[in-house]
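# Working through the structure, step by step
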Amino acid sequence: MPKGNAETPASSLAELADHIRDEEAAIRLGGGRAAIDRQHEKGRWTARERLEKLFDDKSPLLEIGLWSAWGMYEEWGGAPAAGVVCAIGPIAGRRHMAIANDATVKAGAFFPATAKKVLRAQRIAFANRLPLVYLVDSAGVFLPLQEDVFPDEDDFGRIFRNNAVISAAGLPQIAAIMGNCVAGGGYLPVLCDKMLMTEGSGLYLAGPALVRSAIGQRATHEELGGAEMHAQVSGTIDYREPNDEACIERLRRLISLAAPDDGIPPKPFSRVAAVPSERPASDVYGIVRPDARQEYEVRDVLATVVDGGTFDEYKAEYGGTLVCGTARVGGFPVGIVASQHHQVRPADGPIQFGGVIYVDSAEKAARFVMNCNQDWLPILFLQDVNGFMVGRDSEQAGIIKAGAKLVSAISNSRVPKLTVITGGSFGAGNYALCGKAFDPRFIFAWPNARYAVMGAEQATSTLLDITVKSLERQGHAVDAEEMADLRDRVRGDYERQTDIRYAAARGWVDAIIDPAATRETLIAALEIATRHIEPEAFRVGVYQV
């Protein structure tokens, strides 16, 4: 494990961001230099090289799921970025979601995390009405793990179902076969609106060896699924290209026929000229420390993110552990719900702890979320939350009812939601501030973020108690030395699982971002999230009062 984890904590956010940046550079190498060389020897570009040629500005606006499969599938040699690159960027002046198989990683085969990542990319594209481009170069399902890739509603087949639904919704999809496209994976390009294929690529349900085994027929690669056959005999493909370069050039020409983005969000969304933030983005490194026990003022964080002079705080003297207000980010009007990370003294009652949601803060935030929906304001959530307040007084005051109101308002929101995890994201606090389960258009995290059902101290005690009782039921008495070893092991395992890279590997966040890049990332996300509006009434369910 690199510096910046529980064993060797980083001294600052800047140091953590540097470590993350170094690790990401390694992930972007995919299967490594030797695998890249093999791809080049075939006369083909890598997935990232193809995207660099495809996008107008070479680099994407946003890459989704770079950390997918991090630390997973080690028994199979790993699968950096889950063997697929998913990124949003402009092509011929129009933003697209591009999904490119990385053939340097196990020939672009689909691991469980690969299917999950592609499905997330499709959901983002559908919600934000982004046209899609698929650059196909995949050996299909990774057979040793087929049981976790193949049959379920969030597995491989759902991708093809989505192809059909996206096409029916009128969203353009274009596919280019630039290598292997075999077995069930062959349905993806054929379900798209247009299909290109390069010489030397293959598109077939079964290759020569499997055909011979299944029906005894001898057929060549070209007879079964070569570009010439599909162009002249089956008529499956629309354009046959000699190589990657010609294919990318044709893709860009075809896409250029559609009208480019004009950059003006449709009503009721709006955007005015941006104003620089009150504080430089780099100030965040001095505001927040990696040590979660260090307090900070979340309004200072907001001053590095929102347009200067635009923040109007809502109920500023009430429910102080959640800071709510309206502002502009890059000229876009937004509502903000942010965790406060220092103690708060209310006008009536005891001191409240930062990072904890109390009855007053939950009810304030629920009302504010409703207001944002009335005003069609996208909502930005900044999470550094330990959960809801517990104990007799809180329960008697109705903390469960107050929390349920907030959860209901967020669940039924009609406006785009963006979430940034700036610290802890624990338990029901994750839910109440728009965690992944509540359909944020994008969910980002800082390198210091932690994701778990509860904090390490509480979890270690609970898990240790369960382990000890289990051993005792088996007739094994645990002595003091063994208890200490068990505690260290349980805590180490739990803290490993709270590492934000662990969460990103499993698709629980879309990207780990440099804290100093929060403003620019959110502006890019707002440009995407405000592209489309489906007018509908704001409705909520039954509230407990």
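Residues numbered from 1 in each chain as written. Predicted model: local features only at pLDDT ≥ 70, side-chain atom pairs only at ≥ 80, totals over all residues. Heavy atoms only, no water.

### Side note on the overall build of the protein
Counting secondary structure elements, the protein contains 20 helices and 18 strands. Taken over C-alpha atoms, the radius of gyration comes to 25 Å for the protein, in line with the 24 Å a tight globule of 545 residues would show. Seen along its three principal axes, the alpha-carbon backbone of the protein occupies a region of about 80 × 65 × 45 Å. Expressed as a percentage of its 545 residues, the buried residues of the protein come to 54%. Residue pairs in contact within the protein that sit at least 24 positions apart in sequence constitute 73% of those at least 6 positions apart. When the accessible area of the protein is evaluated, it comes to approximately 24100 Å², of which 52% is carbon and sulfur surface. (Helix = DSSP H or I, 4+ residues; strand = E, 2+ residues; numbered from the N terminus. Rg over C-alpha atoms; globule rule 2.2 N^0.38 Å. Buried < 20%, exposed > 50% of the residue type's maximum accessible area, 1.4 Å probe, protein only. Contact = heavy atoms within 4.5 Å. Areas by Shrake-Rupley, 256 points an atom, 1.4 Å probe, with all protein chains shown as cover.)

### Details of the nonpolar core
Counting residues in hydrophobic clusters, the biggest one holds 66 residues, and the most contacted among them are Met 97, Ile 99 and Phe 442. The contact partners of Met 97, leaving out residues within four places of it in the chain, are Ile 64, Cys 86, Ala 87, Ile 88, Ala 121, Ile 124, Ala 125, Leu 130, Pro 131, Leu 132 and Val 133. (Core = buried A, V, L, I, M, F, W, Y, C linked by side-chain atoms within 4.5 Å.)

### Considerations on the packing of aromatic side chains
Going through the model one piece at a time under the given rule, you end up with 13 aromatic pairs. Taken together, a centroid distance of 6.4 Å and an interplanar angle of 55° make the contact between Phe 160 and Tyr 187 tilted. Within this pair, whereas Phe 160 is found in helix 5 (residues 156-168), its partner Tyr 187 is found in helix 6 (residues 187-190), the two being separated by 27 residues in sequence. Judged by its relative accessible area of 12%, Phe 160 is buried. (Phe/Tyr/Trp six-rings, centres within 6.5 Å; stacked < 30°, edge-to-face > 60°.)

### Looking at helix 10 (residues 244-255)
Over its 12 residues, helix 10 runs 16 Å from end to end, which matches the ideal 16 Å to within 8%, given 1.5 Å per residue. For helix 10, the set of buried residues is Asp 244, Ala 246, Cys 247, Ile 248, Leu 251, Leu 254 and Ile 255. You can read the cap of helix 10 off the contacts: a side-chain oxygen lies 3.2 Å from the backbone nitrogen of Glu 245, and it is on Asn 243. (Expected span 1.5 Å × (residues − 1). Polar contact = N/O pair within 3.5 Å; in protein donor to acceptor, adjacent residues only side chain to side chain.)

### Quick look at the pattern of salt bridges
Using the criterion set out here, one finds 25 salt bridges in the structure. Glu 63 is the partner of Arg 28 in a salt bridge, and the nearest nitrogen-oxygen pair spans 3.8 Å. Of this pair, Arg 28 sits in the loop between helix 1 (13-27) and helix 2 (33-41) while Glu 63 sits in strand 1 (residues 62-64), placing them 35 residues apart in sequence. The buried category is assigned to Glu 63, whose relative accessible area is 15%. For Arg 271, the salt bridge goes to Glu 527, with nearest N and O atoms at 3.2 Å. With a gap of 256 residues between them, Arg 271 in the loop between helix 10 and helix 11 (284-287) and Glu 527 in helix 20 (residues 518-529) connect regions that are remote in the sequence. Sharing partners across several salt bridges, the network here consists of Arg 95, Asp 261, Arg 271, Glu 527 and Arg 531. (Salt bridge = Lys/Arg side-chain N within 4 Å of Asp/Glu carboxyl O.)

### Side note on the pairing of strand 16 (residues 442-445)
The side-chain alternation of strand 16 yields two buried faces, one formed by Phe 442 and Phe 444 and the other by Ile 443 and Ala 445. Where strand 15 (residues 417-426) and strand 16 come together, 4 bridges link them in parallel fashion. Along strand 16, the bridge assignment pairs Thr 419 with Ile 443. Once you follow strand 15 into helix 16 (residues 427-432) and on to strand 16, the crossover reads as right-handed. (Pairing = 2+ DSSP bridges. Right-handed = clockwise from strand over helix to strand, strands pointing away.)

### Observations regarding a negative patch on the surface
A contiguous patch of negative charge on the surface is contributed by Asp 479, Glu 481, Asp 485 and Asp 488. Mapped onto the elements, Asp 485 comes out in helix 18 (residues 480-498). Residue Asp 485 is classed as partly exposed on the basis of its relative accessible area of 42%. (Patch = residues over 30% accessible without salt bridge, like charges linked within 9 Å, V, L, I, M, F, W, Y side chains within 5 Å. Lys, Arg positive; Asp, Glu negative; His and termini not counted. Charge placed at Lys NZ, Arg CZ, Asp CG, Glu CD.)

### Section: a positive patch on the surface
Together, Lys 116, Arg 123, Arg 158 and Arg 161 make up a region of like positive charge exposed at the surface. For the positive patch, the secondary-structure elements that each account for two or more residues are helix 4 (112-128) and helix 5. Overall, Arg 158 belongs to the partly exposed group, its relative accessible area being 32%.

### Describing the packing of helix 13 (residues 359-374) against helix 15 (residues 399-411)
Their axes nearest at 8 Å, the elements helix 13 and helix 15 cross at an angle of 20°. Put simply, helix 13 runs roughly parallel to helix 15. Crossing angle aside, the handedness with which helix 13 passes helix 15 is left-handed. Residue-level contacts link Val 359, Ala 362, Glu 363, Ala 365, Ala 366, Val 369 and Met 370 of helix 13 to Ile 399, Ala 402, Gly 403, Lys 405, Leu 406, Ala 409 and Ile 410 of helix 15. Its residues assigned to classes, the contact of helix 13 with helix 15 shows 11 nonpolar, 1 polar and 2 charged. (Axes fitted to C-alpha atoms, helices over the stretch in contact; angles between N-to-C directions. Parallel < 35°, antiparallel > 145°, perpendicular 65-115°, else oblique. Left-handed = near helix turned anticlockwise from the far one by under 90°. Nonpolar A, V, L, I, M, F, W, Y, C, P; charged D, E, K, R; others polar.)

### Overview of the packing of helix 4 against helix 5
Two elements in contact, helix 4 and helix 5, have axes whose closest approach is 9 Å; the angle formed by their N-to-C orientations is 20°. By the angle between their axes, helix 4 is roughly parallel relative to helix 5. Note that helix 4 runs across helix 5; the crossing there is left-handed. Across the interface between the two elements, Ala 115, Val 118, Leu 119, Gln 122 and Phe 126 of helix 4 pack against Phe 156, Arg 158, Ile 159, Asn 162, Asn 163, Val 165 and Ile 166 of helix 5. Partitioning the contact of helix 4 with helix 5 into residue classes produces 8 nonpolar, 3 polar and 1 charged.

### So, the confidence of the model for the protein
Per-residue pLDDT for the protein has a mean of 91; in total, 95% of the residues score no lower than 70. Taken as a whole, residues 1-8 scores under 50 in pLDDT and shows 17 contacts with residues more than four places along the chain or in a different chain. (pLDDT = per-residue confidence, 0-100.)

### Description of the side chain of His 96
Take His 96: it is sitting in strand 3 (residues 94-101). A distance of 2.8 Å separates the side chain of His 96 from the backbone oxygen of Arg 94, its partner in a polar contact. Other than its neighbours up to four places away in sequence, His 96 contacts Phe 55, Ala 87, Ile 88, Gly 89, Ile 91, Pro 131, Leu 132, Val 133 and Ile 255.

### Observations concerning the environment of Gly 308
On the secondary structure map, Gly 308 appears in the loop between helix 12 (298-302) and strand 9 (312-314). Measuring from C-alpha to C-alpha, the distance between Gly 308 and Ile 410 comes to 27 Å, with 102 residues separating the pair along the chain.

### Description of helix 2
Every buried residue of helix 2 is listed here: Ala 35, Ile 36 and Gln 39. The buried side chains of helix 2 occupy one side of the element, clustering within an arc of 100° when seen end-on. In helix 2, the exposed positions that point more than 90 degrees away from the buried face belong to Arg 33 and Glu 41. Here the buried face of helix 2 lies against helix 3 (47-54) and strand 4 (132-138). The first or second residue beyond helix 2 is Gly 43, which carries a positive phi of 80°. (Arc of directions from axis to C-beta.)

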